[in-house]
Amino acid sequence: MLDLWKLQDFAPGDGMRARAFAEEVADASWLDLPAPGDVHRALIAAGRIPDPFHDRNEEACAWMEEREWWARCRFNGPPALQAGERLRLIFHGLDTYATIWLNGQLLGRHANMFREAVFDVSALVRPGAPNTLAVCFDPPQLHLPPDQVQFHPWAGFAERAWMRKAQFGYGWDWGPRLPTIGLWRPVELRREHQAAIGGVHFYTLEIAPGARHALVAVRVEVDSFAAAGPLQVTAELSRDGRRIGTTLHPDDSGIATAYLSVPDPALWWTHDLGEPALYDLSLTLWAGETPLEQRVQQVGIRTIALDQSPDTDEPGTRFFRFVLNGVPIFARGADWIPTDSFVGAIPAEMFERELKMARDAHMNMLRIWGGGLYEHDIFYDLCDRLGILIWQDFMFACATYPDHDPAFAAEVEAEARYQVRRLRNHPSLALWCGNNENQWNYEQTFWMMPGQPVPGADFYHRLLPEVVAALDGHVPYWPGSPYGGDDYNSMQDGDRHNWNVWHGNHDRHFGEEPKTSHTPEGVTYTRYAEDLGRFISEFGMHAAPVYETLRRVIPEDQRYHHSPALDHHNKDNPKNKGDALMIATTGLPETLEDYIDLSMIAQAEGLKFGIEHFRRRKPHCSGTLFWQLNDCWPVLSWSVIDYYGFGKAGYYYARRVYAPVLASFKISPDGGVALWLTNDTLAEVSDTITVQLGTFGGEVLHAETFEARIAANASAKVRAWTAAELPGGPDRYLAVWAAGESFPANRCFFGMIKDLERSPAAPGVEIIQAGERELQVTLAAPPDGYVYFAHLIVPDEHTRYTDNYFDLRPGETRTITVTNPLTPLSPAMVTVRWR
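Below or above, wherever it landed, is the structure these notes cover. (Residues numbered from 1 in each chain as written. Predicted model: local features only at pLDDT ≥ 70, side-chain atom pairs only at ≥ 80, totals over all residues. Heavy atoms only, no water.)

Helix and strand counts for the chain stand at 13 helices and 43 strands. Taking 28 Å as the expected radius of gyration for a compact globule of 835 residues, we find that the chain reaches 28 Å, a close match to that expectation. When its C-alpha atoms are laid out on the principal axes, the chain stretches across 90 × 65 × 65 Å. Counting the 835 residues in the chain, one finds 60% classified as buried. The long-range fraction of contacts in the chain, counting pairs at least 24 apart against all pairs at least 6 apart in sequence, stands at 72%. Here the chain has roughly 30,100 Å² of accessible surface; of this, 51% comes from carbon and sulfur atoms. Of the side-chain charges in the chain, 74 are positive and 109 negative, and the distance between the mean point of each set is 2 Å. (Helix = DSSP H or I, 4+ residues; strand = E, 2+ residues; numbered from the N terminus. Rg over C-alpha atoms; globule rule 2.2 N^0.38 Å. Buried < 20%, exposed > 50% of the residue type's maximum accessible area, 1.4 Å probe, protein only. Contact = heavy atoms within 4.5 Å. Areas by Shrake-Rupley, 256 points an atom, 1.4 Å probe, with all protein chains shown as cover. Lys, Arg positive; Asp, Glu negative; His and termini not counted. Charge placed at Lys NZ, Arg CZ, Asp CG, Glu CD.)

Structure, rendered in structure tokens:
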């Protein structure tokens, strides 16, 4: 790998005049630039720019967009090539408009962040001697067509639609304007002899009933650039000492396919349904007795389908549910954005931390949002191992795209072909999706012209599905998110983004003028109960991160609600939009600490309410992916895990409400109460259940214990009470728990938090040192007080809690295990808070 580079910036054109491409350049004073990496990170390390995430320093980086950036690398060439060998230079990711020179000679140009640039340098690299690479990254704006159509964006700036570049870098309603620059994926010299494996496609054709055997296929594509005779590929599929092998003989086009029958296969399942079993697929390319290339990758045996058959129980609607290995599933998860604004400098530990947190929160699907990027390899590898399905958007979001432009369309096709070939073997891959919100936003903007296709429609409805069918063919394709029905955000068909809550949208049909209501009543989370959608792929609410995150990036004199620095870290507009939701839920905050707690409560209670509603509707609703899991910088946003890795209250609420088995209450308009059980497992669940109605002051008004069961993969009402039997009120709560702990204990209130008649009750706290990096924290509610929103705070993002942000019924005691794999813990590090 070519990983050590030097970096310098120039005014546009000055680098050429200074001959920065030449072999001999006095670049000792240039900055160090690692590859993969990012220019912003290099400048931060050198002290040329302040940390863009701190205070309002984002604005101090704007000048970088106007400069051209030169990267240079010196390397010794490999030994001289032998007959039949070639040497290829592969840039796995150039961001974005790049011109490349080798030893002072122009090698080529590249204009797409999302696909590799490959050059045959067999005759250009000096063997065993010094060589010099130079790459110039132009300001992207210089490459916009002079007669460009002003394409409409619904986030960021319009010109981004002409760039095959991560769209979020130009700013979003949760992200800063810090467009990235640099060698964001590895750079390598690859030496090959006679032929190379150009592509591999592993897929499952069928799984016999009872998984007695599976039929899988291995398709190889061989690039025979200098082979004198026939070639063959040996393939071996292995797991736990069991091996199945075959030999493939490529035809004149270099393609061969073999079919393997695997007895008693270990199937790949999401982590909640079974083991995400993986096999090693080992391939060796041979010329006679000579091995030319060896490749090993992990694959999984599984089938995936998207069921859109009519839902006869709700006439006029269709299912939108994923079917894994023949089993319909309920997708529980969230939307994923890039985990750092500087996408070339993300350590593997960040991916592992956040994906394990998603797994631990019982998520079985993540949606890679279309304004970010096709993620790094480590992301997909981890999802394969952790048993998390991936909904993969193509990289188009909230804009119109110039599908009329031949050069742009050619780039899109090349990008799609590269990414489909790159990602198709991952068993975690569940869906290819054409874009994020483009059809929906366009139709809402130009609602008076129904039927007019969005610019970019040729990509979503022809080009992309054709590429997916040709190069994959075993993972379903969907034109956009949301898409389907009479309004691209329909409740009757397809997937849906619910922004009625938070943004105050109202449901509509094609040709109707969109309407919004930003009043507390218009944005309240109780509106989720109106949503009869089939699959909710976006919904959510803002919340502040923990205080420690704000302490790191907000100057001390700015640490108050709506300070200039704090508002700068809120990219949604208007800056007080969240006030309406808090007015409806908690009331408005008076201090920064209040704002942190109250915004978290509004988000967490809203997610709980919405997810419970959608899961009760199973199978008519078959998935919830809330917006959003993570952040790309320290910000006030919809995330439940902040930039540094601290879980918000919403994360812990979601972790409980996403448990495979859920007990939830539904209160009807007449005051009646129903208890529902939702079971996403593949086995019937039965347990002894207790339901208790109590006052916040400690009086038990009603309690009963009974046996209940719920069928596998089902949701049903198991008990109901009239308002007279369980009389609600603002001074009381309703709780449920199971003797066998088949589901997490749950509760509901008979009003919004601000309307409850209760006095904050302090829990008793005992902290025991259980090990150098482990504490046992026991909280006990007083017999006459209900403890609401109890949470433990340790100002270290690597700290993990068996539970957090929870309630205690009067007299209830709970012990939480607190661990940290890196830092010793002590009782003095723990702060306990409640509301």
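So much for the structure itself; the text now carries on.
This next bit is on the sheet that holds strand E34 (residues 714-721). Spatially, E30-E31-E34 is the arrangement adopted by the 3 strands of the open sheet, whose pairing is antiparallel. Each edge of the open sheet carries a strand with a single partner, namely strand E30 (661-667) and E34. Adjacent strand axes in the sheet meet at a mean angle of 20° when their direction is disregarded. Two elements, E30 and strand E31 (residues 673-679), share 7 bridges in a ladder whose sense is antiparallel. (Pairing = 2+ DSSP bridges. Axes fitted to C-alpha atoms, helices over the stretch in contact; angles between N-to-C directions.)

Inspection of every chain in the model, using the stated rule, returns 68 salt bridges. We note a salt bridge from Arg56 to Asp55, for which the minimum N-O separation is 3.3 Å. Residue classification places Asp55 among the buried residues on the basis of a relative accessible area of 17%. For the salt bridge of Arg164 with Glu415, the shortest nitrogen-to-oxygen distance reads 2.8 Å. A residue pair is termed long-range when its members are at least 10 positions apart, and Arg164 in the loop between strand E9 (130-137) and strand E10 (182-183) and Glu415 in helix H5 (residues 406-423) qualify at 251 residues. For Arg164, a relative accessible area of 1% puts it in the buried group. The exposure class assigned to Glu415 is buried, which follows from its relative accessible area of 1%. Within this structure, Asp272, Arg332, Arg615, Lys618 and Asp680 form a network of salt bridges that share partners. (Salt bridge = Lys/Arg side-chain N within 4 Å of Asp/Glu carboxyl O.)

Bringing the nonpolar core into the picture now. Counting residues in each nonpolar core, the largest one holds 228 residues, and the members touching the most others are Trp5, Phe91, Phe322 and Leu366. With near-sequence residues (within four places) excluded, Leu366 lies in contact with Ala334, Trp336, Leu355, Ala358, Phe379, Ile388, Leu389, Ile390, Trp391 and Leu629. Counting 21 residues, the second-largest nonpolar core is a separate cluster that includes Leu675, Leu693, Ala708 and Val736. (Core = buried A, V, L, I, M, F, W, Y, C linked by side-chain atoms within 4.5 Å.)

Attention now goes to the packing of aromatic side chains. Considering all chains together, one arrives at 57 aromatic pairs under this definition. Measuring from ring centre to ring centre gives 5.5 Å for Phe53 and Phe342, while their planes differ by 5°; the resulting arrangement is stacked. Taken together, the residues Phe53 in the loop between helix H2 (39-46) and strand E3 (68-76) and Phe342 in the loop between strand E22 (331-336) and helix H3 (348-360) connect sequence positions 289 residues apart. For Phe342, a relative accessible area of 0% gives the class buried. Aromatic side chains Phe396 and Tyr401 sit 5.0 Å apart centroid to centroid with 90° between the ring planes, which places their arrangement in the edge-to-face category. The buried category is assigned to Phe396, whose relative accessible area is 0%. You can call Tyr401 buried: its relative accessible area is 0%. Through successive ring pairs, a cluster of aromatic residues spans Tyr651, Tyr652, Phe696, Tyr733, Phe749, Tyr786, Tyr788, Phe789, Tyr801 and Tyr805. If you follow Arg656 out to its NZ or CZ, it ends over the ring of Tyr653, 5.1 Å from the centre. (Phe/Tyr/Trp six-rings, centres within 6.5 Å; stacked < 30°, edge-to-face > 60°. Lys NZ or Arg CZ within 6 Å of the ring centre and 35° of its normal.)

Here the focus is the sheet that holds strand E15 (residues 242-248). Two modes of strand pairing occur in sheets, parallel and antiparallel, and in both the strands are linked by backbone hydrogen bonds. Taken in spatial order, the 4 strands line up as E15-E14-E17-E18 in an open sheet, and their pairing is antiparallel. Each of the sheet's edge strands pairs with one partner strand only, and the pair in question is E15 and strand E18 (290-299). Direction aside, the axes of adjacent strands within the sheet are offset by 15° on average.

Bringing the pairing of strand E14 (residues 232-239) into the picture now. Here E14 runs beside strand E17 (residues 279-287); their pairing, made up of 7 bridges, is antiparallel. Its bridge partner being in E17, Val233 is matched across the sheet by Leu285. Between E14 and E15, which pair antiparallel one after the other, the connecting turn spans 2 residues, and Asp240 there sits at a positive phi close to 50°.

Our focus in this paragraph is the environment of Pro406. Among the secondary structure elements, Pro406 is positioned in helix H5. Judged by relative accessible area, which is 66%, Pro406 ranks as exposed. As for Pro406 and Gly672, which are separated by 266 residues in sequence, their C-alpha atoms are 61 Å apart.

So, about the side chain of Asn131. Take Asn131: it is sitting in strand E9. Given the relative accessible area of 0%, Asn131 is considered buried. Excluding residues within four positions of it along the chain, Asn131 makes contact with Cys73, Arg74, Phe75, Asn76, Gly77, Asn103, Leu124, Val125 and Arg126.

Count 3.6 residues to each turn of an α-helix, and residues three or four apart come out pointing the same way. In this model helix H7 (residues 457-471) runs 21 Å from its N-terminal to its C-terminal C-alpha over 15 residues, within 8% of the 21 Å that 1.5 Å per residue would give. Along H7, the largest kink reaches about 30° and is centred on Leu463; proline Pro465 follows within four residues of it. Taken together, the buried positions of H7 are occupied by Ala457, Phe459, Tyr460, Leu463, Leu464, Val467, Val468 and Leu471. Its buried side turned inward, H7 meets strand E12 (195-207), H5, strand E25 (429-433), helix H6 (438-445) and strand E26 (477-478). Gly473, located one to two residues past H7, shows a positive phi value of around 85°. (Expected span 1.5 Å × (residues − 1). Bend = angle between axes of the 7 residues up to and from the residue.)

Moving on to the pairing of strand E36 (residues 746-749). A two-sided burial pattern is seen for E36, the buried positions comprising Asn746 and Cys748 on one face and Arg747 and Phe749 on the other. In the sheet, strand E35 (residues 732-738) pairs with E36 via 4 bridges, with the strands oriented antiparallel. Across the sheet, the residue bridging to Leu734 is Cys748, located in E36.

A few words now on the packing of helix H12 (residues 592-616) against helix H13 (residues 649-657). At a minimum axis distance of 8 Å, the contact between H12 and H13 shows a crossing angle of 20°. On the basis of the axis angle, H12 is roughly parallel to H13. In this structure, H12 meets H13 at a crossing whose hand is right-handed. In this structure, H12 uses Met600, Gln603, Ala604, Glu605, Leu607, Lys608, Ile611, Glu612 and Arg615 to contact H13, whose residues at the interface are Ala649, Gly650, Tyr653 and Val657. (Parallel < 35°, antiparallel > 145°, perpendicular 65-115°, else oblique. Left-handed = near helix turned anticlockwise from the far one by under 90°.)

Here the focus is the packing of H3 against helix H4 (residues 377-386). Running from amino to carboxyl end, H3 crosses H4 at an angle of 35°, the nearest separation of the two axes being 10 Å. Regarding H3 and H4, the two cross each other, and that crossing is right-handed. Residues Ala348, Phe351, Glu352, Leu355, Lys356 and Arg359 of H3 form the contact with H4, whose own contacting residues are Ile378, Phe379, Leu382, Cys383 and Leu386. Looking at side-chain class alone, the contact of H3 with H4 contains 8 nonpolar, no polar and 3 charged residues. (Nonpolar A, V, L, I, M, F, W, Y, C, P; charged D, E, K, R; others polar.)

Of note, the amide linkage connecting Asp95 to Thr96 takes the cis form, showing an omega dihedral of 0°. Locating Thr96 in the fold gives a position in the loop between strand E5 (94-95) and strand E6 (98-102). Residues Trp627 and Gln628 are joined by a peptide bond in cis, for which omega reads 5°. Summarising the element assignment, Gln628 is placed in the loop between strand E29 (623-626) and H13. Of note in this structure, Arg19 is not a glycine but carries a positive phi near 55°. Mapped onto the elements of the fold, Arg19 is located in the loop between helix H1 (14-17) and strand E2 (31-34). One non-glycine residue, Asn103, adopts positive backbone phi at about 50°.

By themselves, these figures tell us nothing about what the structure is for.
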